Every structure is written in structure tokens, then in C-alpha cells.
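Residues per chain, in single letters:
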Amino acid sequence: MLASLKTKLREENHPEFWRERIDHDLLPDWMGQTKTCPACGRSHTIKTKAMIKDKDSAIKAGHYLQDMKMSGRCKVIMDPVTRAVAGDTLMEGLKDFSPEAVIFERDDLHADEQALGTLLTAMSDKPDFLVSCGSGTLTDITRYNAYMAGIPFVAYATAASVDGFASGSTPLIVKGFKTTYPGIAPDIILYDPTVLAAAPQKMIAAGFGDVLAKIIALIDWRLAFFAEDEAYCPLIAGLVDQAVASCLDLAENLTALGKTDHQDQIKKEEACSQLMEALSLTGIAMQMMGSSRPASGSDHHISHLLEMRDIQRHKKGSLHGDKVGIGTLIGMTLYMRLFEGRRLPLQKPPLPAHIWEKEVRRVYGPLAEQAIAKNDPLPPQGKMWETQKQSIEAAMEAFGYNYVDRFSKLLPEARDHITAIGGPVRPDQLGYSKQDTYDAIAHGKEVRPKFTTLRLAERFGWLYDLAEEIADGLPAGRIY
Ligand SMILES: [Zn+2]
Ligand SMILES: [Zn+2]
């Protein structure tokens, strides 16, 4: 049965209500378990049993695995860089598990059919489990193959660059289209603060951007609950909200170290560990919800479109968190423009269906059929939209306007933090043209048929104008 507007507005549906009630034993008690949620009544599973932070986590990996009752033979998945950073030590640490290295040498590595097949063929002797040694892409390649083979995997994180370590689903590039496939979460996540702090600055900035994205993901999710009755859990939203808050305080200590003294090094290691915890927490939130919804909104859709464009151009892509951080700043801009003066935007007419289709064909090229099949040519109209609009208005009044008000301060702060850590804040810094930026804002939404900021702007008839305004003004520094 659909929840009424009154029910949705209840205090128990506010993430803040649960944030205050989440004590620090809640998550440790939930790890490796399925429990009934006190907030939404669903059962949420956290498959991951442990997250281990240890300066010797690579050499001691075998001990930790034995403690968790893991046994048999394993493959260790790495690339030449992660091999040098930790892979060889990890192989030594896992010697009781007859480890065999699978090393990806490809320069333009993506989690695509070729990479998945490479690992699959290396698994012909049926290993008992897999160990990924790297960050997002290597973990995703490992996660999907572990899922398909029905065996567990362990993630050794070499950089706090992405929230996907703890996630249970796999973003894959299939026939050039970025799509979410099933997967499994790792049984154990291992990391070493010294290794995380030694990662390139741009990877740390990417991780920071991926946590910031939750600022948009959370409000997109809450509005989807109001507008489209999408499944929502305020406790999970509260956990993610907590992760964002803790991360904003870390920015200063995540920046590059000049001449280091020992104290600065300790501070940076601690900040990188906390960033890793915040990223893992949002990954765990995705496991609990069984979807990427708690951690991904328009911020990610903008990023996905840019990534797909790189693949079409056979270009080596930038980091996921780079583009997601940019998507977050654009998402904040969209919210601020749409709800200026704390009121709903004036209704403008939608883009006619035939123009929409022509545009999708232009933007998606050979992938257009998939994008067209997944999406309706027109946003909801008539009574359906009127009802949704009433719910959106009630939500904005209850919490949305206050949430968006924070962006006037938060947006320049987030921009400056990302810059200081060493990441990009505008698409042109990554080599994208105005047209690429316009396309990502105007047509990132067709990557997934989900309600996000982009759909919200489309439904009010503002999306294409705002996309033009933002794409045009960004390189000149006029937007933020
Ligand atoms: Zn719940
Ligand atoms: Zn992400």
C-alpha cells in the first residue's frame, strides 16, 4: 500500500531522528547479519563481516582470513601499480592459501566484458575465494566474478578513492553502456593507513568527492520517496548523512604534505582512514538497501554519461570520484536555481517527445536504443504530475528548503576543499567541452530511469535551459 503524505512527513521518517538514536554498537552488531530494521521494518543484510585497519594488514592478511574461518586456495587480482604498493606483500601474507596473482596490464582498464572474461578464464582451476588488491575497477571486476562463481571475496583497498568497496552491486560497462549488475559485498575489507595516505592526491580527492555526492544522493532519494513512493529507509539515510558530516571535517588533513614532520604524517594517515570508513559506511548503506539508491543520485548520473563518452572516444577515463564530485557541485547548483526564493519553480512546458528522442539519439549515438527503451519520452503529466508536485512541495517545506539553503555556503566550501586536496571541480578541467557538459546535465538522466534532481528539473520544464546556462557559465567561472 502506498504511504500517505502524512505518514511520509512523520518525524520517524527524518534521517536526523535516527542519527540521534544510532549508537556506535549498531553497525558492529549488524556486520555479517540480517536484522529487521527498527526504522522501516524491512530486513537489511550486511554481508561484510569485518573492516580491518592495520598497518600490517597485507602481511597479516592470512591471519585475519583464518580468524574469519576462510580456507582453500585464492586468486589475488591486481595491476602493476597495486602490485608494487601492496600486492607482493599480500601474496606473501596469504601464502597458506596458495595464492596466484592475476595481473591486469591494460592501460585503459574498465570493468567491462573483456576484463571480466580475463579474470574468468584465470579461474579455470576453481579457486575457493578471490582477493582484490586495488580500488574501484579491480574490486568491481573481482566482485562480479566472485558473485557468478558463487565464492566469497576479500577486498584489500589501496586507496580511499571510491565507495564501491563495501557495495553489493557491480557497476559494469557492457556494450559501452554503464549499467548496474548484481554482485556480492566482500566478506572482509582490509586497509593500511600508510598505504592509503601514500596514494596519489587525485585518488584521495576522488574519494572525498564520492562521499560529498551523498549530499545530493540523500535529497534525491527523499524526494523520490515523496514523489514516486520509492522504497526509503530513514535509518540508512541517517547513516549516510553521518558519513558526509564526518568527512567534511577531514578536508584539511587530506591535502598533500609538503615537508612532512611526523605529526603531519600521522594526521594524514588518520584522515585517510576516516575517509575510508566514511566510504565503506556508504557502501554498507547500499548493501543494507540492496541498491545504490542511498549513495547515488544525479551526481552519479552526470558522471556516468561523461564516463560513457570517454569509452565511446576510446579515451582513458578520469577517476569515478572526480566526475562524481563535479556532478555534486552541479547538483547543488541545480537545486539552488530550482528552489530560489524557497518556492517551487514556475511550470514550463516539457520538451516535445520527438525532440527528446532526436536529442537522445544525438547524445547516446550507438547506445540510443537502450536509452530510449529504458525511458519515457515525456515526464508525467496531468493529474499524476499534480499529485507528485503536491508531495514535492510538502517535502520541500518540511525539510527541503532548509537543506538547500545550506548549499550557498556548502557549495563554495566543497569546491575549495576538492581543489585543495587535488581534484577537479569543473568538467573542462578534465578535458570535457561545453557540449559534453550540456549533454551530461541534460541527458545523464536517461542512464537510469530513476527520480533525481535531473528528473525534478525536467518535470518543471527547467532542465534543458539550466543545462545550457550551467554548461556555458562553468568554464568561465560564472556558476561556482
Ligand atoms: Zn530500514
Ligand atoms: Zn560513487
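Residues numbered from 1 in each chain as written. Chains lettered and ligands numbered in written order. Predicted model: local features only at pLDDT ≥ 70, side-chain atom pairs only at ≥ 80, totals over all residues. Heavy atoms only, no water.

## Digging into the coordination of the zinc ion (ligand 2)
- In this structure, Asp210 (OD), Asp210 (OD), His300 (NE2) and His320 (NE2) serve as the protein donors to the zinc ion (ligand 2), at separations of 2.1 to 2.8 Å.
- Coordination at the zinc ion (ligand 2) comes from four donor atoms whose angles at the metal span 50 to 145 degrees, giving a geometry best classed as irregular.
- Expressed as a motif, the donor residue spacing for the zinc ion (ligand 2) is D-x89-H-x19-H. With aspartate 210 in helix H9 (residues 201-212) and histidine 300 in helix H14 (residues 298-312), the pair connects residues that are 90 residues apart, well separated along the chain. Exposure class is identical for aspartate 210 and histidine 300. Each is buried. (Donors = N, O, S within 2.8 Å, 3.2 Å for Na, K, Ca; no water. Tetrahedral: all angles 85-135°; square planar, octahedral: opposite > 155°, others 65-115°. Helix = DSSP H or I, 4+ residues; strand = E, 2+ residues; numbered from the N terminus. Buried < 20%, exposed > 50% of the residue type's maximum accessible area, 1.4 Å probe, protein only.)

## Concerning the sheet that holds strand S10 (residues 188-191)
- If you trace the six strands from one edge of the open sheet to the other, you get S3-S10-S7-S6-S4-S5, paired in parallel fashion. A single partner strand is all that each edge strand has here, and the edge strands are strand S3 (50-53) and strand S5 (100-103). Each strand axis lies, on average, 20 degrees off the axis of its neighbour in the sheet, ignoring direction.
- Here four bridges tie strand S4 (residues 74-78) to strand S6 (residues 129-134), and the two strands are oriented parallel to one another. Considered in S6, the bridge of cysteine 74 is made with phenylalanine 129.
- Running at roughly 170 degrees to S6, helix H7 (residues 136-149) makes contact with S4, S6 and strand S7 (153-157) of the sheet. (Pairing = 2+ DSSP bridges. Axes fitted to C-alpha atoms, helices over the stretch in contact; angles between N-to-C directions. Contact = heavy atoms within 4.5 Å.)

## Some points on the side chain of serine 161
- Counting through the fold element by element, serine 161 comes out in the loop between S7 and strand S8 (169-174).
- For serine 161, the residues in contact, after removing those within four places along its chain, are Ser135, Met203, Ala206, Gly207 and Leu279.

## So, the coordination of the zinc ion (ligand 1)
- For the zinc ion (ligand 1), the full set of protein donor atoms is Cys37 (SG), Cys40 (SG), His44 (NE2) and Cys233 (SG), and the range of their distances to it is 2.1 to 2.3 Å.
- Given four donor atoms and angles of 100 to 114 degrees at the metal, the environment of the zinc ion (ligand 1) is assigned as tetrahedral.
- Along the chain, the residues that donate to the zinc ion (ligand 1) are spaced as C-x2-C-x3-H-x188-C.
- Given the relative accessible area of 4%, cysteine 37 is considered buried.
- Given a relative accessible area of 1%, histidine 44 falls into the buried group.

## Considerations on the pairing of S5
- Direction of pairing for S4 relative to S5: parallel, over a ladder of four bridges. Bridged to lysine 75 within S5 is glutamate 100.
- Note on the crossover from S4 through helix H5 (residues 80-93) to S5: the handedness is right-handed. (Right-handed = clockwise from strand over helix to strand, strands pointing away.)

## Topic: the pairing of S3
- Residue alternation in S3 divides its side chains into a buried set, Ala50 and Ile52, and an unburied set, Met51 and Lys53.
- Summarising the sheet, S3 and S10 pair through four bridges and their orientation is parallel. Among the inter-strand pairings, methionine 51 is bridged to a residue of S10, identified as isoleucine 189.

## Things to note about helix H6 (residues 113-122)
- Taken residue by residue, H6 has Ala115, Leu116 and Leu119 as its buried positions. The buried residues of H6 all sit within an arc of 100 degrees when viewed along its axis, so they share a single face. Turned more than 90 degrees away from the buried face of H6, the exposed residues are Gln114, Leu120 and Thr121. (Arc of directions from axis to C-beta.)

## Things to note about the domain arrangement of the protein chain
- Taken domain by domain, the protein chain comprises domain 1 (1-26 + 207-253 + 289-480) and domain 2 (50-198).
- Computed from C-alpha coordinates alone, the two centres of domain 1 and domain 2 are separated by 30 Å.
- Note on domain 1 versus domain 2: buried area summed over both sides is about 1400 Å², and carbon and sulfur give 57% of it.
- A per-residue breakdown of the area domain 1 buries against domain 2 is headed by Ile311, Lys316 and Arg448, which together make up 29% of the total.
- One salt bridge in this structure joins lysine 214 and aspartate 163, with 2.6 Å as the shortest N-O distance.
- There are six residue pairs in polar contact (both at pLDDT 80 or more) connecting domain 1 and domain 2.
- Sorting the residues of the side of domain 1 that touches domain 2 by element identifies H9, H14 and helix H17 (368-374) as the ones contributing at least two each. (Domains from an automatic or database assignment. Buried area = accessible area lost by both parts, 1.4 Å probe. Salt bridge = Lys/Arg side-chain N within 4 Å of Asp/Glu carboxyl O. Polar contact = N/O pair within 3.5 Å; in protein donor to acceptor, adjacent residues only side chain to side chain.)

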